[in-house]
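Chain residues, written in single-letter form:
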Amino acid sequence: MSAQSEKFKLSEWIFTTDHKRIGVLYLIGSIAAFGIAGIMALLIRIEQSSLGPTLADSAMDAGNQYNVWLYFHGAAMILGFLIPGLTGFAANYFLPLMIGAKDVAFPRINAFSVWLFYTGIIVALLTFIVPDAPDIMWTGYPPYSLVTSGNTAFYVFTVHLLGFSSILGAVNFLVTVIYMRAPGMGWNQLNMFVWSTVTAFVIQLVFVPVLAAAVTMLLFDKYMGTHFFDPSAGGDVLLYQNLFWFYSHPAVYVILLPALGILYEIVATFSKNRIFNYKAGVYGGMWGTVLISGEVWVHHLYVSGMPNWIRIGQMVSTLLISIPVGLMAISLFGTLYRGSITFSIPMKYAVACLFLFLVGGLTGIPLAITALDLHLSETSFVHAHFHYIMGIFATFSVFAGVYYWFPKMTGKMTDEKLGTIGFWLNFVGVNITFIPLFIIGIDGMPRRYWDYEMYPQFENWHFVAMLGAIMIGTGMALTIFNWIKSAINGEASSANPWRSASLEWTHTVNPPGPGNFLEDVKVSEEWTPYDYAKR
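Description of the structure in this document. Since we're looking at a predicted model, the values are computed, not measured.

## Focus on the overall build of the protein chain
Okay, so step 1: Helix and strand content of the protein chain: 17 helices and zero strands.
Okay, so step 2: Radius of gyration (C-alpha) of the protein chain: 23 Å, near the 24 Å computed for a compact globule of 535 residues.
Okay, so step 3: With respect to the three principal axes, the spread of C-alpha positions in the protein chain is 65 × 50 × 45 Å.
Okay, so step 4: A buried classification covers 60% of the 535 residues belonging to the protein chain.
Okay, so step 5: At a minimum sequence separation of 6, the contacts of the protein chain that also span at least 24 residues come to 82%.
Okay, so step 6: Of the roughly 21100 Å² of accessible surface on the protein chain, 68% is carried by carbon and sulfur atoms.
Okay, so step 7: Side chains of the protein chain give 25 positive and 29 negative charges; the mean places of these two sets differ by 15 Å.

## Description of the packing of aromatic side chains
Okay, so step 1: Tallying each qualifying case throughout the model produces 42 aromatic pairs.
Okay, so step 2: The interplanar angle of 20° and the centroid separation of 4.0 Å between the aromatic rings of Phe94 and Trp405 together place this pair among those described as stacked. Separated by 311 residues along the polypeptide, Phe94 in helix α3 (residues 59–98) and Trp405 in helix α14 (residues 380–410) bring together distant segments of the chain. Each member of the pair, Phe94 together with Trp405, is buried.
Okay, so step 3: Through a chain of ring-to-ring contacts, three or more aromatic side chains come together here, namely Phe34, Phe81, Tyr349, Phe355, Phe396, Phe399, Tyr403, Phe423, Trp424, Phe427 and Trp483.

## Concerning the layout of surface pockets
Okay, so step 1: A volume near 720 Å³ is recorded for the second largest pocket.
Okay, so step 2: Contributing to the lining of the second largest pocket are 23 residues, with Trp13, Val24, Met409, Thr410 and Ala487 lying nearest its centre.
Okay, so step 3: Among the secondary structure elements, those contributing two or more residues to the lining of the second largest pocket are α2 (19–47), α14 and α16 (459–489).
Okay, so step 4: The residue makeup of the lining of the second largest pocket, split by class, is 16 nonpolar, three polar and four charged.

## Quick word on unusual backbone geometry
Okay, so step 1: In this model, Pro142 is joined to Pro143 through a cis peptide bond whose omega is 10°.
Okay, so step 2: With respect to the helices, strands and loops of the structure, Pro143 is situated in the loop between α4 (107–125) and α5 (144–147).
Okay, so step 3: Each neighbour pair has its own omega, and for Asn510 with Pro511 the value is -15°, a cis peptide bond.
Okay, so step 4: Mapping Pro511 onto the fold places it in the segment after α17 (503–506).
Okay, so step 5: Located in the positive-phi region is Lys272, a residue other than glycine, with phi close to 50°.
Okay, so step 6: With respect to the helices and strands, Lys272 occurs in the loop between α8 (237–271) and α9 (278–292).
Okay, so step 7: Backbone geometry at Arg499 places phi at a positive 55°, although glycine is not the residue there.
Okay, so step 8: Mapping Arg499 onto the fold places it in the loop between α16 and α17.

## A word on the environment of Ser271
Okay, so step 1: Position of Ser271 among the secondary structure elements: in helix α8.
Okay, so step 2: Each C-alpha atom, one on Ser271 and one on Ile341, is 4.2 Å from the other, the two residues being 70 residues apart in sequence.
Okay, so step 3: Not counting residues within four places of it along the chain, the set of residues in contact with Ser271 comprises Thr335, Leu336, Gly339, Ser340, Ile341 and Met347.
Okay, so step 4: Among the polar contacts made by the side chain of Ser271, one reaches the main-chain carbonyl oxygen of Val267 at a distance of 2.8 Å.

## As for the nonpolar core
Okay, so step 1: Core analysis: the largest hydrophobic core is formed by 168 residues, its most contacted members being Tyr155, Phe393 and Phe396.
Okay, so step 2: Top element by residues in this core is α3. It accounts for 23 residues.
Okay, so step 3: Once residues within four sequence positions are removed from consideration, Phe396 is found in contact with Tyr349, Ala352, Cys353, Leu356, Asn426, Phe427, Val430 and Met476.
Okay, so step 4: Among the nonpolar cores identified, the runner-up in size contains six residues, and Leu116, Val123, Val130 and Leu161 belong to it.

## Considerations on the packing of α2 against α16
Okay, so step 1: Remark: α2 packs on α16, axes separated minimally by 9 Å, with the N-to-C direction vectors making an angle of 160°. Classified by the angle between their axes, α2 and α16 sit roughly antiparallel to one another. Crossing angle aside, the handedness with which α2 passes α16 is left-handed. Residue-level contacts link Ile31, Phe34, Leu42, Arg45 and Ile46 of α2 to His462, Ala465, Met466, Ala469, Ile470, Met476, Ile480 and Trp483 of α16.
Okay, so step 2: Across the contact of α2 with α16, the residue classes break down as eleven nonpolar, one polar and one charged.

## Comments concerning the environment of Pro209
Okay, so step 1: Within the secondary structure, Pro209 is located in helix α7 (residues 192–223).
Okay, so step 2: In this structure the C-alpha to C-alpha distance between Pro209 and His160, which are 49 residues apart in sequence, comes to 9.5 Å.
Okay, so step 3: In this view, Pro209 contacts Ile167 and Gln204; residues no more than four positions away in its chain are not counted.

## Notes on α2
Okay, so step 1: End to end, α2 covers 42 Å across 29 residues, agreeing with the expected 42 Å (1.5 Å per residue, within 8%).
Okay, so step 2: The distance from a side-chain oxygen at the start of α2 to the backbone nitrogen of Lys20 is 2.7 Å, and the residue carrying that oxygen is Asp18.

## Concerning α4
Okay, so step 1: Here α4 spans 28 Å end to end across 19 residues, near enough to the 27 Å set by a 1.5 Å rise per residue.
Okay, so step 2: When we look at burial in α4, the residues that qualify are Asn110, Ala111, Ser113, Val114, Leu116, Phe117, Tyr118, Gly120, Ile121, Val123 and Ala124.
Okay, so step 3: Of the surrounding elements, those touching the buried residues of α4 are α2, α3 and α6 (152–179).

## As for the packing of α2 against α4
Okay, so step 1: Two elements in contact, α2 and α4, have axes separated by 10 Å at closest approach and are oriented at 15°. Classified by the interaxial angle, the pair formed by α2 and α4 is roughly parallel. Crossing angle aside, the handedness with which α2 passes α4 is left-handed. Residue-level inspection shows His19, Ile22, Leu25, Tyr26, Ile28, Gly29, Ser30, Ala33 and Ile36 of α2 in contact with α4, the latter providing Pro107, Asn110, Ala111, Ser113, Val114, Trp115, Phe117, Tyr118, Ile121 and Leu125.
Okay, so step 2: For the contact of α2 with α4, the per-class residue count stands at 14 nonpolar, five polar and no charged.

Reading the values: rules and limits
Residues numbered from 1 in each chain as written. Predicted model: local features only at pLDDT ≥ 70, side-chain atom pairs only at ≥ 80, totals over all residues. Heavy atoms only, no water. Helix = DSSP H or I, 4+ residues; strand = E, 2+ residues; numbered from the N terminus. Rg over C-alpha atoms; globule rule 2.2 N^0.38 Å. Buried < 20%, exposed > 50% of the residue type's maximum accessible area, 1.4 Å probe, protein only. Contact = heavy atoms within 4.5 Å. Areas by Shrake-Rupley, 256 points an atom, 1.4 Å probe, with all protein chains shown as cover. Lys, Arg positive; Asp, Glu negative; His and termini not counted. Charge placed at Lys NZ, Arg CZ, Asp CG, Glu CD. Phe/Tyr/Trp six-rings, centres within 6.5 Å; stacked < 30°, edge-to-face > 60°. 1 Å grid on protein atoms, 1.4 Å probe; cavity = no way out; pocket = protein on both sides within 12 Å on 5 of 7 lines; lining within 4 Å. Points joined across faces, edges and corners; volume = space filled by probe spheres on them. Nonpolar A, V, L, I, M, F, W, Y, C, P; charged D, E, K, R; others polar. Polar contact = N/O pair within 3.5 Å; in protein donor to acceptor, adjacent residues only side chain to side chain. Core = buried A, V, L, I, M, F, W, Y, C linked by side-chain atoms within 4.5 Å. Axes fitted to C-alpha atoms, helices over the stretch in contact; angles between N-to-C directions. Parallel < 35°, antiparallel > 145°, perpendicular 65-115°, else oblique. Left-handed = near helix turned anticlockwise from the far one by under 90°. Expected span 1.5 Å × (residues − 1).

In structure tokens, the structure reads:
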């Protein structure tokens, strides 16, 4: 582990191998990606707020701009914010602290991983500089991605860089958990966040190479004359969709599992309760999700043309995923039962997440059922559903985590008043934005259309959604301002302001120095990170 100066030195941050500083670098990069992707989302909502071109002078310009915004919003939110924010920032900073380790297993590889992530972000940002900006969304579907004048190579290289960074992180943290736990710490004494990260990284290791292979074949088709996805030469566009969703649906759980892991930590701490049904949540919920996650991707292709028997089989396997996810939900809600609950800002976001999770989960059931999905597929109902269950839910989880661990990272408390105002703007704004999209989606509003002249009756709903998006933008900006302001001039925190029983709060100072712990950590067989019954 490297020595650190008391004063800020840029070189120490650039060349750091300290997992906590790398976690902070991930947080800064992912929040930056979130900010730009959020601006893209706002532009999308403004463009759709009225019929015809709203921000551009012509229909052609409006369509081209809309496609670029859509591409950057999807790619940056998922690959630049959610996955790095959850498995990069939170896992890097807190997983070693939770298991009593002084660092990760491979610190230099960890440092290499974060700079691969930044390189990927820079390549993605070149979208706004190059004349042939990518316009193929985050899916990169052929045949459009093969014939567009947009730069498909930028998309492919961005996926390669961020995917390689993710794989290095997965290997590093799995080895860290297996071999660097504190003496005496058994598997059933791990924090739920640690388990959620382990299972998410197992999914990454299995499925990321499939995505890398798919986009590489895309690159070969467009620039090197191969025909993997060209039907006119014997290729198959559906092959790409199958490969893409074979990774990208499990990627939902790479986001969902750590997001739930953060909520477990917050709900247990602010309820002063042990995790309800710990083993069912871990082995039935998290590992059950890993087991079934590779069997559900075809529901993304129900309307793409396939034998009916495959649709029926995949409908059953898709619905099966609700069993492990349901076990985790029961465990999470059960932890609240008879708890001594306090509603500080992290807990407000955690409770909001439970609501978003419920709405997103229930609206996913009709999308899994083939007869209903044929009507709802490619409508804004899908758009609203995955924002509830993945986009907004996971974003709120990251925000909850930052507020929860802010005193640990900075030694200071955030401004409660600013945080509360930001929270309500975010929560109310989300529902004003996406509930109208559910309504017009059921009535047939297509996804990914910059204009909708054939459906003028939806214009008022789009306008309402835009007002909600402006509210979200204001709330998010206020939240980030609160973090920056509090990090500079915030009130000093006590050593364990939330009275948590987890190692990162009980055995380290705020913020932890090099080596994390003043003394080597050992735990007894009776120890648990949720030991609130004896308090």
